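Listed below are the residues making up each chain.
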2 protein chains.
Amino acid sequence: MKAIPLLLMGCGGVGRQLLRHIASCRSLHAKQGIHLRVVGIADSRSLVVPSNVSTGELSDELLSEVCRLKSDSGFSLSDLPGLGESRAYLGAESTSKMMEIAALLGKSTGLVVVDCSASSETVNILTQVVDLGCCIVLANKKPLTSSLESYDKLMSFPRRIRHESTVGAGLPVIVSLNRVISSGDPVNHITGSLSGTLGYVMSGIEDGKPLSEVVKAAKSLGYTEPDPRDDLSGMDVARKALILARLLGRRITMDSIEVESLYPPEMGPDVMSVEEFLSKGIVLLDKKIQERAASASTFAMVLRYVCVIDQNKCKVGIREVPKSSPLGRLRGSDNLVEIYTRCYNTEPLVIQGAGAGNDTTAAGVLADILDVQDLIP
Amino acid sequence: MKAIPLLLMGCGGVGRQLLRHIASCRSLHAKQGIHLRVVGIADSRSLVVPSNVSTGELSDELLSEVCRLKSDSGFSLSDLPGLGESRAYLGAESTSKMMEIAALLGKSTGLVVVDCSASSETVNILTQVVDLGCCIVLANKKPLTSSLESYDKLMSFPRRIRHESTVGAGLPVIVSLNRVISSGDPVNHITGSLSGTLGYVMSGIEDGKPLSEVVKAAKSLGYTEPDPRDDLSGMDVARKALILARLLGRRITMDSIEVESLYPPEMGPDVMSVEEFLSKGIVLLDKKIQERAASASTFAMVLRYVCVIDQNKCKVGIREVPKSSPLGRLRGSDNLVEIYTRCYNTEPLVIQGAGAGNDTTAAGVLADILDVQDLIP
């Protein structure tokens, strides 16, 4: 049995779901000769580790207790009752303990450091553990979308990093793109609908519904962030686009991406509250987008909120696509990525499916962890 | 620079394209710190190796010469002019030399044995090299669709075998399915259109064209085998379905798959020639399938030639699918696979794109070769 040691940062919905998946896959993984040994769980303030990180592990009971207690967002790991053989570290001590573990286990065991947080703070830890021989698995987009210097550092051992769930949750987008690239099939361009929320919104607009109505419906279905403008700004899609563009070798940063926001600056969070935006602001946007949709429709086109990436541009915004293309036929909240290459020339390689949700995101992270197993001695 | 030694069986269209890809990707792979060292090329009768397989390799000039000369199907590798430092082995000697190389390089270098043939003979070699520490990459479906005993043997070290191009050419079907499985997301069922030819035919029928006309058009476009009944029998799709079913853990063989042939036994190759079939036979089949399509259409369904795989059945044949489903919206010769799991429940995970062609098939093989690099010491 090969033990894969892992240290998890982030106990939000994805991190907790990952812990549940790990526990429930014990017998499946045992059949593959694999045991996932959890040697640390960190939230933003604290870290829990077994008393002996070289040989010990956090028990499945403790993982399940973490899941139960952390669903209350105010709870800190350091308050975990019944720690038993485990220990907790707080604040700066938790970071230095993590580095100590990475130094101890990196080269000797290929420790997998998993980032399921949504923080921009973890990049400092991640760029350091790279040199300590650790593998890295990310659901967090931030480390890959900050400076090019950090990006290069994280990618310095490309086989030791996996980040499927940073784009399209568990959808096999990154693995597919990496296969295309490594087989020498040159990518012409990538077009994708990478926001379930905006996919749902554009479907509704195609059906003739006003933007304001569709957004309110999406919010009440739980498809949007608490402030729907966080989706409508396009910034989340832009981060995903940047990750894809960098995989294609583009040396760009967030500020060089052209992002079309679905609301104007005068309706931004600094100017009006969510309630104001939904009751008074957004209705003012209905007419223009309805006109755009109608005009597109006369040319057998539909509007989609997409990223378009090629060797010269990286754009995020509304675009007319042929009704009969894979993107044009997309309905509802599924994500869809079209990859055009020499081999997939007139008809693209298409990956489609649910691109959000803790369950599928955590499944993507788990598949990534198993995918680095050959690097573990 | 890490050298990945490889031995290629099969110099048909896919094998030759692979050799071209290898030569043209030299600088791309060098950037990744990888060098593909070709230590043997075999056709059905002979084997060419460098004079020293431990350190030497067949030069890119020789690879290109192999590609040029083998496009004449009558040419044997042993007749290769200007072998230089290389050597040729014939018949039984070529097999024993291959085993000798596998024994020498398997455990020490993780030699990758690549099967791009369409032969059922290679399975004997492949099941032996498994125990010698070799990695295996397959485009050939036959080794995975013969006895369960051979299958189990080939899969005895699951990390050391890749076979993306056995289903859907270079489409990332196997890698995606393996990720789903390893993350513990239970697969409910898989439905797929896995024949470009039959996809094209069913699209034509959907457009109201007679079967006979569409098949003749497909033949003249080069979409079919020389005898189109090789496509219409569904046996190629059945092989792909068996590979997917076995990945899901089904313990079945070819003879337990229900296969619907598009022509009846009395129009088989033993009864009439290709010309007779195309001029007199197939027109007799037009009416029935046209009626089926019309009847499906009244329920907003379309006919597709698909495989359906779940825990209880593995079927290949014509099926009515909703016009609005990914399979129903499929047009032309693209392949499409729908994977339904816990995470992809109401809306499936969909992989779509060109599923045939030497270029994309060889690209899939090359991506597989690079994917086992972490097993090479």
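Residues numbered from 1 in each chain as written. Chains lettered and ligands numbered in written order. Predicted model: local features only at pLDDT ≥ 70, side-chain atom pairs only at ≥ 80, totals over all residues. Heavy atoms only, no water.

(A) Structural context of the interface of chain A and chain B. Across the contact, 44 residues belong to chain A and 43 residues belong to chain B. For the pair chain A and chain B, the two sides together bury roughly 3600 Å², of which 49% comes from carbon and sulfur. Of all residues in chain A, Arg159, Arg179 and Asp374 of chain A give up the largest surface area on contact with chain B, accounting jointly for 20% of the area buried on that side. Counting every contact that joins chain A to chain B gives eight salt bridges. Across the pair Asp371 of chain A and Arg159 of chain B runs a salt bridge whose closest N-O atoms are separated by 3.9 Å. Breaking the side of chain A that touches chain B down by element, the ones donating at least two residues are α2 (26-31), α8 (173-182), β13 (349-353) and α16 (358-371) of chain A. At nine residues, α16 of chain A tops the list of elements feeding residues into the side of chain A that touches chain B. Tallied by class, the residues present in the side of chain A that touches chain B amount to 18 nonpolar, 13 polar and 13 charged. For β13 of chain A and strand β13 (residues 349-353) of chain B, the ladder comprises three bridges, and the chain directions are antiparallel. (Contact = heavy atoms within 4.5 Å. Buried area = accessible area lost by both parts, 1.4 Å probe. Salt bridge = Lys/Arg side-chain N within 4 Å of Asp/Glu carboxyl O. Helix = DSSP H or I, 4+ residues; strand = E, 2+ residues; numbered from the N terminus. Nonpolar A, V, L, I, M, F, W, Y, C, P; charged D, E, K, R; others polar. Pairing = 2+ DSSP bridges.)

(B) A look at the relation of the copies chain A and chain B. For the match of chain A to chain B, the screw axis carries a shift of 0.0 Å, the RMSD comes to 0.0 Å, and the turn is 180°. Those values place the two copies in the arrangement expected of a two-fold rotation axis. Taking the C-alpha atom as reference, chain A places Ile351 of chain A closest to the rotation axis, 2.5 Å from it. Comparing interface residues between copies, 98% of those in chain A also lie at the interface in chain B; the contact surface is shared. (Least-squares fit on C-alpha atoms with pLDDT ≥ 70 in both.)

(C) Broad picture of the sheet that holds strand β9 (residues 258-259) of chain A. The strand order β9(A)-β11(A)-β10(A)-β8(A)-β12(A)-β13(A)-β13(B)-β12(B)-β8(B)-β10(B)-β11(B)-β9(B) describes an open sheet built from 12 strands, whose pairing is mixed. Every other strand in the sheet has two partners, leaving β9 of chain A together with β9 (258-259) of chain B as the edge strands with one partner each. Summarising the sheet, strand β10 (residues 301-310) of chain B and strand β11 (residues 314-322) of chain B pair through nine bridges and their orientation is antiparallel. Bridging across to β11 of chain B, Val302 of chain B finds its partner in Val321 of chain B. This element, helix α12 (residues 235-247) of chain B, spans β8 (187-193), β9, β10 and β11 of chain B of the sheet and lies at about 45° to β10 of chain B. (Axes fitted to C-alpha atoms, helices over the stretch in contact; angles between N-to-C directions.)

(D) Quick peek at the UniProt feature "binding site: L-homoserine" (unreviewed entry) in chain A. All names here are of chain A. UniProt records the feature "binding site: L-homoserine" (unreviewed entry) for Glu225 in the present numbering. You can see Glu225 is positioned in the loop between α10 (211-220) and α11 (229-232). Judged by its relative accessible area of 39%, Glu225 falls in the partly exposed class. Excluding its chain neighbours within four sequence positions, the residues that come into contact with Glu225 are Asp230 and Asp231. (UniProt positions renumbered as here; feature names shortened; annotations may be inferred. Buried < 20%, exposed > 50% of the residue type's maximum accessible area, 1.4 Å probe, protein only.)

(E) View of the pairing of strand β1 (residues 2-9) of chain A. Residue and element names in this part refer to chain A. Where burial is concerned, most of β1 is hidden: six out of the eight residues are buried. In the sheet, β1 pairs with strand β2 (residues 34-42) via eight bridges, with the strands oriented parallel. Across the sheet, Ile4 pairs through a bridge with Leu36, a residue of β2.

(F) Quick peek at the domain arrangement of chain A. Residue and element names in this part refer to chain A. In terms of domain boundaries, chain A breaks down into domain 1 (2-169 + 359-375) and domain 2 (182-354). The C-alpha-based centres of domain 1 and domain 2 are spaced at 31 Å. The interface is formed by 14 residues belonging to domain 1 together with 15 residues belonging to domain 2. Both sides together, the interface formed by domain 1 and domain 2 hides about 1300 Å², and carbon and sulfur atoms give 64% of it. Interface area lost by domain 1 to domain 2 is led by Thr145, Leu148 and Val167, which between them contribute 42%. Linking domain 1 with domain 2 are two salt bridges. For Asp236, the salt bridge goes to Lys141, with nearest N and O atoms at 3.4 Å. (Domains from an automatic or database assignment.)

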